[in-house]
Amino acid sequence: MATPVRVACIGMGWWSDVLADAMKRSDKIEIVACHTRSEDKRLAFAKKYGCKPIASYDDVLADRSIEAIINTTPNDVHLATTSAAAAAGKHVFLDKPIANSVSEGRAITEVCRKAGVILGMGYQRRRESHFRWVKKQIEAGLFGKLVNAEANISRDRLGKIDLSSWRYQAAGMPGGVMLQIGIHYTDVLTYLMGPVKAVRGQFAQLVLPGDNPDVASLILEHESGALSTLNASYASASEYYLMNIYGKDATAYYDMHGGLRLLKRGEDKPAPVSTAKNDTFVEELEEFAAAVRGGPKPEVGGEYATESLAVVRAGILSAREGRRVEVAEVLKND
């Protein structure tokens, strides 16, 4: 069995703990060090996960025993932190979105490519077993021609946000809720329905304080001609996830309360589909570790992550200018 990949976590926030908890559930990755500018956060993380706190990122990169970086820093420093890691020969697992602009996403992808290091991206939602099942059935032809999809990804953040956090500021997370969590479901829609050609978007700030949209809607035009809608919200009363996929011959209905159901043409009601719950975080991190050890490249890398970002960026531009925006335009100019 291959030895565990020795990693350092950088950027100590609640998401760093989510990924660290997943790494503790795996024998393929070992957390050996951590770094963030806040000494209190650094020491707390080191104590919780039994790793070495390092006060300087340069010292992390100089440590030859550290093979990879788990990067949960703010979006606007993804390029700088990842470029430094790549220059030091460290592989990088980077949480989505890859950056706040397409140009920076491309730059991140290129520095890793030139340095010959693995870049893995955190897009765990597509890995959920119900979506894997739907994808398999689409590829088997069960759905026939795909025509439409509708999705919703919502969380209740009222009274729960820290306005000082970059995650809730327009400068740190332009596009607000759609860039922060909606991008998970633009990814799933792309994964199931095919590449997105153009987007129409509408954004609003209705409930939460601050300067960023807490409600957003997109209409996605896929290259196949199929249309999808996505609603994302931080202002709803509860957490909710929905993904309905409509084909000429069958429809899949998924929501977090009712699970997955399938309705075939000619049937009167959908039948439940049982899928085993899987550990999506461990899966994506172990895939990254395997790639570091010479295995296949991660399912989601920098090039796709940049295209995924462009879909949301097209929605932001559409909302601002009140027009349909082609993803190719954003890939060229953003």
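Residues numbered from 1 in each chain as written. Predicted model: local features only at pLDDT ≥ 70, side-chain atom pairs only at ≥ 80, totals over all residues. Heavy atoms only, no water.

### Topic: the overall build of the protein chain
Thinking step 1. A count of helices and strands for the protein chain gives ten helices and 15 strands.
Thinking step 2. Its C-alpha atoms give the protein chain a radius of gyration of 20 Å, near enough to 20 Å, the size a compact globule of 334 residues would have.
Thinking step 3. Each of the three principal axes of the protein chain carries a C-alpha extent, and together these read 60 × 45 × 40 Å.
Thinking step 4. Per-residue burial over the protein chain gives 53% buried out of 334 residues.
Thinking step 5. Here the protein chain carries 42 positive and 41 negative side-chain charges, and the mean point of each set is 2 Å from the other. (Helix = DSSP H or I, 4+ residues; strand = E, 2+ residues; numbered from the N terminus. Rg over C-alpha atoms; globule rule 2.2 N^0.38 Å. Buried < 20%, exposed > 50% of the residue type's maximum accessible area, 1.4 Å probe, protein only. Lys, Arg positive; Asp, Glu negative; His and termini not counted. Charge placed at Lys NZ, Arg CZ, Asp CG, Glu CD.)

### Considering unusual backbone geometry
Thinking step 1. A cis geometry characterises the amide bond from K96 onward to P97, with omega recorded as -10°.
Thinking step 2. Assignment of secondary structure puts P97 in the loop between strand 5 (91–95) and helix 5 (102–115).

### What to know about the nonpolar core
Thinking step 1. Among the nonpolar cores identified, the biggest contains 78 residues, and I69, I98, F143, Y185, L192, M243 and I245 are the most heavily contacted of them.
Thinking step 2. A total of eleven residues in this core trace back to one element, the largest contributor, which is helix 7 (residues 177–193).
Thinking step 3. Leave out the neighbours within four places in its chain, and M243 touches F131, E150, A151, Y185, V188, L189, L192, A252, Y253 and Y254.
Thinking step 4. If you look at the next biggest cluster of nonpolar residues, it comprises 27 residues, including C34, F93, I118 and V282. (Core = buried A, V, L, I, M, F, W, Y, C linked by side-chain atoms within 4.5 Å. Contact = heavy atoms within 4.5 Å.)

### Re the side chain of S26
Thinking step 1. Turning to its location among the elements, S26 is positioned in the loop between helix 1 (14–24) and strand 2 (29–35).
Thinking step 2. Other than its neighbours up to four places away in sequence, S26 contacts V282 and E286.

### A closer look at the sheet that holds strand 10 (residues 227–233)
Thinking step 1. Here nine strands make up an open sheet; going across it, the order is 14-13-12-11-7-10-9-8-15 and the pairing mixed. The two strands at the open ends of the sheet, each matched to only one other strand, are strand 14 (271–273) and strand 15 (325–326).
Thinking step 2. Here helix 7 sits on the sheet and contacts strand 7 (146–156), strand 8 (196–204), strand 9 (215–222), strand 10, strand 11 (235–247) and strand 12 (250–255); the angle it forms with strand 7, its principal contact strand, is near 155°.
Thinking step 3. Here helix 9 (residues 302–321) sits on the sheet in contact with strand 8, strand 9 and strand 15, set at roughly 55° to strand 8. (Pairing = 2+ DSSP bridges. Axes fitted to C-alpha atoms, helices over the stretch in contact; angles between N-to-C directions.)

### Describing the packing of helix 1 against helix 8 (residues 280–292)
Thinking step 1. One can describe the packing of helix 1 onto helix 8 by two numbers: an axis separation of 9 Å at closest approach and a directional angle of 75°. Looking at the two axes, helix 1 sits roughly perpendicular to helix 8. For the pair helix 1 and helix 8, the contacting residues are W15, V18, L19, A22 and M23 in the first and F281, V282, E284 and L285 in the second.
Thinking step 2. Looking at the contact of helix 1 with helix 8 residue by residue, the class counts come to eight nonpolar, no polar and one charged. (Parallel < 35°, antiparallel > 145°, perpendicular 65-115°, else oblique. Nonpolar A, V, L, I, M, F, W, Y, C, P; charged D, E, K, R; others polar.)

### Structural notes on helix 5
Thinking step 1. Taking 1.5 Å per residue, 14 residues should reach 20 Å; helix 5 reaches 20 Å between its end C-alpha atoms and fits that length.
Thinking step 2. Directly after helix 5, the chain includes G116, whose backbone phi takes a positive value near 75°. (Expected span 1.5 Å × (residues − 1).)

### Some points on the side chain of S16
Thinking step 1. Within the secondary structure, S16 is located in helix 1.
Thinking step 2. The exposure class of S16 is buried, given its relative accessible area of 4%.
Thinking step 3. Polar contacts involving the side chain of S16 include one to the side chain of D17, which spans 3.3 Å.
Thinking step 4. In this structure S16 touches G11, F45 and T72, once residues within four positions along its chain are discounted. (Polar contact = N/O pair within 3.5 Å; in protein donor to acceptor, adjacent residues only side chain to side chain.)

### Regarding the sheet that holds strand 4 (residues 68–71)
Thinking step 1. Spatial ordering of the open sheet is given by 3-2-1-4-5-6, a layout of six strands whose pairing is parallel. The outermost strands of the open sheet, each flanked by one partner alone, are strand 3 (52–53) and strand 6 (119–122).
Thinking step 2. Where strand 4 and strand 5 come together, four bridges link them in parallel fashion. Note on strand 5: the bridge partner recorded for N71 is L94.
Thinking step 3. Set on the sheet, helix 4 (residues 78–87) makes contact with strand 1 (5–10), strand 4 and strand 5; between it and strand 5 the angle comes to about 160°.

### Quick word on the pattern of salt bridges
Thinking step 1. Taken as a whole and assessed by the stated rule, the structure comprises 21 salt bridges.
Thinking step 2. One salt bridge in this structure joins E321 and R323, with 2.6 Å as the shortest N-O distance.
Thinking step 3. Residue classification places R323 among the partly exposed residues on the basis of a relative accessible area of 28%.
Thinking step 4. Shared partners join several salt bridges into a network, and the residues in it are R126, R132, D187 and E299. (Salt bridge = Lys/Arg side-chain N within 4 Å of Asp/Glu carboxyl O.)

### Regarding the environment of H91
Thinking step 1. Looking at the secondary structure, you find H91 in strand 5.
Thinking step 2. Judged by relative accessible area, which is 15%, H91 ranks as buried.
Thinking step 3. C-alpha separation for the pair H91 and G120, spaced 29 residues apart in sequence, amounts to 8.4 Å.
Thinking step 4. Beyond its immediate stretch of four places on either side in the chain, H91 contacts E67, A68, I69, G116, V117, I118, F288 and V292.

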